[in-house]
Amino acid sequence: MTLSAAQLRWGRLALVLFGTWAIFYRFWPVSHKHHFIGHPQQAWDDIAAIENGTLGFGKVFAINMASRPDKRDNIALGSSVCDFSVDWIDGVFPEDINPKTYPYNWKKDNQKSEYAARRAHVNGMRRIVEDRIGSAIIMEDDSDWDVNIKVQLQNFALGLREIQGTTDVPNTSPYGDDWDVLWIGHCGIECRTDLPFYEAPNDFTVPQSRHFLPYLRDASRFERPDHARLTCAIQDGVCTNMYAVSYQGAQRILAALSVNPLGLAEDIDIGAQFDTSLGAICGNGYLRCFAPYPALTGTYRSAGASEKSSDINDVKGDAVGFETRGVLYSTMLNVKQILNRQPVRATWEDVERPFMESDMIKIGAGSIYMVQLAADKKPRP
Ligand SMILES: *[C@@H]1O[C@H](CO)[C@@H](O)[C@H](O)[C@H]1NC(C)=O
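Thresholds applied
- Counting restarts for each chain: residues are numbered from 1 in the order of the written sequence.
- Predicted model: local features are reported for residues with pLDDT of at least 70 only, side-chain atom pairs are reported and counted for 80 or more only, and whole-chain, interface and lining totals are derived from all residues.
- As a rule here, side-chain values come from all non-hydrogen atoms in the structure, and water together with hydrogens is ignored.
- Two strands qualify as a pair provided that DSSP identifies no fewer than 2 bridges between them.
- Numbering of helices and strands runs from the N terminus; a helix is a DSSP stretch of H or I covering at least four residues, while a strand is a stretch of E covering at least two.
- In this analysis, axes come from line fits to C-alpha atoms, helices being fitted only over the stretch in contact, and the angle between any two N-to-C directions falls in the range 0 to 180 degrees.
- For every residue, the accessible area (1.4 Å probe, protein chains only) is compared with the maximum for its type, and the residue is labelled buried under 20%, exposed over 50%, or partly exposed between those bounds.

Asker: Provide a residue-level description of the sheet that holds strand β12 (residues 297-301), including the pertinent values.
Answerer: Strands pair in a sheet through their backbones, by hydrogen bonds, and they do so in one of two ways: parallel or antiparallel. In space, the 3 strands of this open sheet follow the order β5-β12-β13, with antiparallel pairing throughout. Each end of this open sheet is capped by a strand with a single partner; those strands are β5 (143-145) and β13 (323-325). Averaged over all neighbouring strand pairs, the angle between strand axes comes to 35°, with direction disregarded.

Asker: Before we move on, can you summarise unusual backbone geometry with the specific residues and values?
Answerer: Residue Y293 is joined to P294 through a cis peptide bond whose omega torsion reads 0°. Within the element layout of this structure, P294 appears in the loop between β11 (289-293) and β12. Of note in this structure, L55 is not a glycine but carries a positive phi near 60°. Structurally, L55 is set in the loop between β1 (33-38) and β2 (59-64). Residue classification places L55 among the buried residues on the basis of a relative accessible area of 1%. One non-glycine residue, C239, lies in the positive phi region at around 70°. Residue placement: C239 occurs in the loop between β9 (229-237) and β10 (242-246).

Here's what the structure looks like:
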C-alpha cells in the first residue's frame, strides 16, 4: 500500500504536533501536574474543640493601640457575633521606642513605626511565653474573617494534621503536634515543593481569584480548581494580618527577634519588619510553618478618612467607603445582617452564591498531593 500525498501531509503534521507537545511536556518549567498520594485516613476526635471560645487555641489576641478604640470595637463585636473571645496586646507607639531596644542587627533604614509594629508582635510572643500559653492566635486589629471561620478552621486542621503525618488524635493541639506557625491571614505565601500538600475541594467560601487580596507572593506553581483551598508547608509569607503560634514557636521567635542568643542572628538574617523576618525564618527551616491558600482571613477598613486605615504607614487621600479584602462572607460587612438575623451577603455582587448557604464547606473531603516539578526533577520512587 502506498500513502497518498494528503496522508503524508497529515502524518507529518501529526508528528510535528506530537513533537511540540512532547517538548513542552518535558521542558515546561513547572508542569502543573500533581501526583495523587492519598485520601486521609484519620481520627476526627476533638476536631470539635475548634468550635470553642478560643477557636481551639489557648488564646486569641488582637494587637490594638490605645489611640484606636474604633478598631477595638470592630474586633470586639466581630468576635462576639462569631462566638469567640479576644484578649488584647497593646500596640506600640513609635515615639515610645527607645533606640537602645533595637536588636543589633535591626536594619536602621527601616522606619521607626515598622520597628514599633514588630515590637508589638514580639510583645505578643513574650506574653505567650510568660503565661505558658499552649498556642495562640495573634491578629492585627484591621482583620476581617469569614462568618464561617469555625468550620473553615476545622477543615484547615484536618489538612494540617494530614500533612504533619498525624494519624492519631494529636496530643497538644487540635491543629496537630508538629507546627510552630500557622499563617492564616497573609498577603502571599510560597508553598514548599519538597513536601506533600493538601487540597480541599468544594469550599464555597473561597473567593474567585479576581477577588483575592493583592498577593505579593504566589502559590501558582500549584494548580488549584476554583473552589479548592490548599494547605501546605511554606517557605515564605508576607503580611501578618493573622497567624497562630505554638508555645514552642513563640519561644523560638522571641529568641530570634529579640533575645538574639549568640550565633543565632548570624545564621538567620532577621533584622527586618516582623512579617519579612517571619517569612525568612519559615524559609530557612528554623520554624515549621504552614498556611492555607488562599488565605482564610483578610482585612477590613471602615468608611471615612483614608488615613484611618494604617497606624504603621501614612496613608493620604480622599474619604473612602467600607472595604473588606480577601473575605467572601465578611463578618465586618455583615454585622447588621447578623444582629438582625438576616441572610449573610457576599462581599462582591458578581459571585456564584450572593448569599451564604448552610453547606458552604464539605469538611474533610480533601486529598494529599505532591507537586510535580519539571519531569527531570521527579522524586525517585
Ligand atoms: C479550646 O480548646 C483548646 C484546645 O483544646 C484549649 O487549649 C482551650 O483552653 C480551649 N478554650 C476554651 C475557652 O475552653
